[in-house]
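Each chain, written out:
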Amino acid sequence: MKILVLNCGSSSLKYQLIDMENEHVLTKGLCERIGIDGSVLTHKVPGKDNYVVETPMPDHSVAVQLVLDALTDKDHGVIASVDEINTSTPWFSILPAFS
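Just so it is clear, the structure is predicted and the values come from calculations on it, not from any experiment.

Chemist: Quick question: what am I supposed to make of the nonpolar core here?
Modeler: Grouped together as the largest cluster of nonpolar side chains are 19 residues, with contacts concentrated most on Leu13, Cys31, Leu41 and Leu71. Sort the elements by how many residues they give to this core and helix H1 (residues 60-72) lands first, with seven residues. When neighbours within four sequence positions are excluded, Leu13 is seen to be in contact with Leu6, Asn7, Cys8, Gly29, Leu30, Cys31, Ile34, Ala63, Val64 and Val67.

Here you go:
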């Protein structure tokens, strides 16, 4: 089971994708300057170079989509599909509220 943990602030979003079978952090990252000029996503996968995306993030819904895109990116991602993320936990139900 993989879970996505989000910690949202007023202009930032931190995340970790954790494989709960072995409690291993698969990746973690940070969206900075959400709603502010100079927005950037930094996606960190152990053993790989950081994946950095500088693109406008007018709100948290855009930031969440960028995180999901990074998680599934063919070169920098750690999962093939967002379907690999466990959706049976109640907190995941808040994600549609971002769209």
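Chemist: Where do I start with the layout of surface pockets in this structure?
Modeler: Any empty space left between atoms is shown by rolling a water-sized probe over those atoms. Empty space within the largest pocket amounts to approximately 170 Å³. Around the largest pocket, the lining residues are Val5, Leu6, Asn7, Lys14, Tyr15, Gln16, Lys28, Gly29, Leu30, Thr42 and Lys44. When contributions to the lining of the largest pocket are tallied by element, the ones reaching two or more residues are strand S1 (2-8), strand S2 (12-19), strand S3 (24-32) and strand S4 (40-44). Class assignment of the residues belonging to the lining of the largest pocket gives a composition of four nonpolar, four polar and three charged.

Chemist: Would you mind going over H1 with me for this structure?
Modeler: Think of an α-helix as turning once every 3.6 residues; residues three or four places apart then point the same way. Taking 1.5 Å of rise per residue, 13 residues should cover 18 Å, and H1 covers 19 Å from first to last C-alpha, within 8% of that figure. When we look at burial in H1, the residues that qualify are His60, Ala63, Val64, Leu66, Val67, Leu68, Ala70 and Leu71. Looking at the buried side of H1, the elements it contacts are S1, S2, S3, S4 and strand S5 (51-54).

Chemist: Is there a simple way to explain the environment of Gln16 in this structure?
Modeler: Take Gln16: it is sitting in strand S2. A relative accessible area of 30% places Gln16 in the partly exposed class. For the pair Gln16 and His43, spaced 27 residues apart in the sequence, the C-alpha separation amounts to 9.6 Å. In this structure Gln16 touches Ile3, Leu4, Val5, Val25, Thr27 and Lys28, once residues within four positions along its chain are discounted.

Chemist: Hey, could you run me through the sheet that holds S4 in this one?
Modeler: Backbone hydrogen bonds hold the strands of a sheet together, and the pairing may be parallel or antiparallel. The strand order across the open sheet formed by five strands is S1-S2-S3-S4-S5, and the pairing between neighbours is antiparallel. Single-partner strands in this sheet number two, and they are S1 and S5. The mean inter-strand angle of the sheet, taken between neighbouring strand axes irrespective of direction, is 15 degrees. For S4 and S5, the ladder comprises four bridges, and the chain directions are antiparallel. Note that in S5 the partner of Leu41 across the bridge is Val53. This element, H1, spans S1, S2, S3, S4 and S5 of the sheet and lies at about 35 degrees to S2.

Procedures and definitions
Residues numbered from 1 in each chain as written. Predicted model: local features only at pLDDT ≥ 70, side-chain atom pairs only at ≥ 80, totals over all residues. Heavy atoms only, no water. Core = buried A, V, L, I, M, F, W, Y, C linked by side-chain atoms within 4.5 Å. Buried < 20%, exposed > 50% of the residue type's maximum accessible area, 1.4 Å probe, protein only. Helix = DSSP H or I, 4+ residues; strand = E, 2+ residues; numbered from the N terminus. Contact = heavy atoms within 4.5 Å. 1 Å grid on protein atoms, 1.4 Å probe; cavity = no way out; pocket = protein on both sides within 12 Å on 5 of 7 lines; lining within 4 Å. Points joined across faces, edges and corners; volume = space filled by probe spheres on them. Nonpolar A, V, L, I, M, F, W, Y, C, P; charged D, E, K, R; others polar. Expected span 1.5 Å × (residues − 1). Pairing = 2+ DSSP bridges. Axes fitted to C-alpha atoms, helices over the stretch in contact; angles between N-to-C directions.

None of the figures reported here should be taken as evidence of function without further support.
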